[in-house]
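Close look at the chain arrangement
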Amino acid sequence: MKDLVRQKLSIHVDIMDLLNKQIEKEAHSSSAYLAMASWCDHNALSYSADFFYEQSLEEREHMMKIFRYINDNGGTAFSPEVNNINHDFKSLEEIFETALDQEISITKSIHNLVGKCRKLNDYTTEHFLQWFIQEQMEEEQTMRRALELFDLMGTDGLGLKLLDERIPQIREKRPE
């Protein structure tokens, strides 16, 4: 029966499996950002906490976008288990470095998915993933801009507090 259902998919089975793995990665990112937000809240870095709460919501939205895409195309999306979330950070700078590494990993995963779509001629999913490619480029740029602030403003005392106040501005788009 399962093989009959899979034959009716609009997306390739291998792509569906990779998309379900991507759902897991997006869920993990969402949870990781919640842990980062909690650390920031605990350390009186309220602007950074708000930033990471928003990041967590965005990652969940990404997960749901993929989840619905699979189901809308005849596949079966699986609700992911999330574990191995780090809650121990030494500094805000470490958090942003971790966030950048996380975004780079997600970007690589999306690129791998697009490559597999091309190999299997799954043009519909490749088109669907173009939004994620653009989104990931923006996410990486945002984390890099945040890390640039540490070089400019420092990592302790008043510099850290001023840096925290600048965090909401890193999301603003640069002029094209």
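Quick notes on the rules
- Residues numbered from 1 in each chain as written.
- Predicted model: local features only at pLDDT ≥ 70, side-chain atom pairs only at ≥ 80, totals over all residues.
- Heavy atoms only, no water.
- Helix = DSSP H or I, 4+ residues; strand = E, 2+ residues; numbered from the N terminus.
- Contact = heavy atoms within 4.5 Å.
- Areas by Shrake-Rupley, 256 points an atom, 1.4 Å probe, with all protein chains shown as cover.
- Expected span 1.5 Å × (residues − 1).
- Polar contact = N/O pair within 3.5 Å; in protein donor to acceptor, adjacent residues only side chain to side chain.
- Phe/Tyr/Trp six-rings, centres within 6.5 Å; stacked < 30°, edge-to-face > 60°.
- Buried < 20%, exposed > 50% of the residue type's maximum accessible area, 1.4 Å probe, protein only.
- Salt bridge = Lys/Arg side-chain N within 4 Å of Asp/Glu carboxyl O.
- Core = buried A, V, L, I, M, F, W, Y, C linked by side-chain atoms within 4.5 Å.

This part covers the overall build of the chain. A count of helices and strands for the chain gives six helices and zero strands. Considering only intrachain contacts with a sequence separation of at least 6, the fraction spanning at least 24 residues in the chain is 75%. Carbon and sulfur atoms make up 50% of the accessible area of the chain, which totals about 10,100 Å².

As a further point, take helix 3 (residues 46-72). When the terminal C-alpha atoms of helix 3 are compared, their 39 Å separation across 27 residues agrees well with the 39 Å that a helix rising 1.5 Å per residue should span. After helix 3 finishes, the residue glycine 74 shows a positive phi value of roughly 85 degrees.

Of note, asparagine 84 is situated in the loop between helix 3 and helix 4 (92-119). Residues asparagine 84 and alanine 32, 52 residues apart in the sequence, show an inter-C-alpha distance of 9.0 Å. In terms of polar contacts, asparagine 84 uses its side chain to reach the side chain of asparagine 83, at 3.3 Å.

As a further point, take the environment of glutamine 55. By secondary structure assignment, the location of glutamine 55 is in helix 3. A sequence separation of 24 residues divides glutamine 55 from serine 31, and the C-alpha atoms of the two residues are 9.8 Å apart.

Once that is clear, we can look at the packing of aromatic side chains. Applying the stated criterion across every chain yields a total of seven aromatic pairs. Aromatic pair phenylalanine 51 and phenylalanine 96: ring centres 5.6 Å apart, planes at 40 degrees, arrangement tilted. Placement of phenylalanine 51 in helix 3 and of phenylalanine 96 in helix 4 is noted, with a sequence separation of 45 residues between them. Assessed through its relative accessible area of 5%, phenylalanine 51 is described here as buried. Residue classification places phenylalanine 96 among the buried residues on the basis of a relative accessible area of 0%.

Our next topic: the pattern of salt bridges. It is possible for side chains of opposite charge to pair when their charged atoms get near one another. Under the definition given, this model contains two salt bridges. Arginine 118 serves as the salt-bridge partner of glutamate 126, at 2.7 Å between the closest nitrogen and oxygen. Owing to a relative accessible area of 13%, glutamate 126 belongs among the buried residues under this scheme. Measuring nitrogen to oxygen at the nearest pair gives 3.1 Å for the salt bridge that ties arginine 144 to glutamate 140. Pair noted here: arginine 144 and glutamate 140 are both in helix 5 (residues 123-153), with a separation of four residues, about one helical turn.

Core analysis: the biggest nonpolar cluster contains 23 residues, and Cys40, Phe52, Leu92 and Phe96 have the highest contact counts within it. Listing elements by their share of this core, those giving two or more residues are helix 2 (13-42), helix 3, helix 4 and helix 5. Ignoring anything within four residues of it in the chain, the contact list for phenylalanine 52 reads Tyr33, Met36, Ala37, Cys40, Ile95, Phe96 and Ala99. Grouped together as the second largest cluster of nonpolar side chains are 21 residues, Ala27, Met64, Phe128 and Leu129 included.

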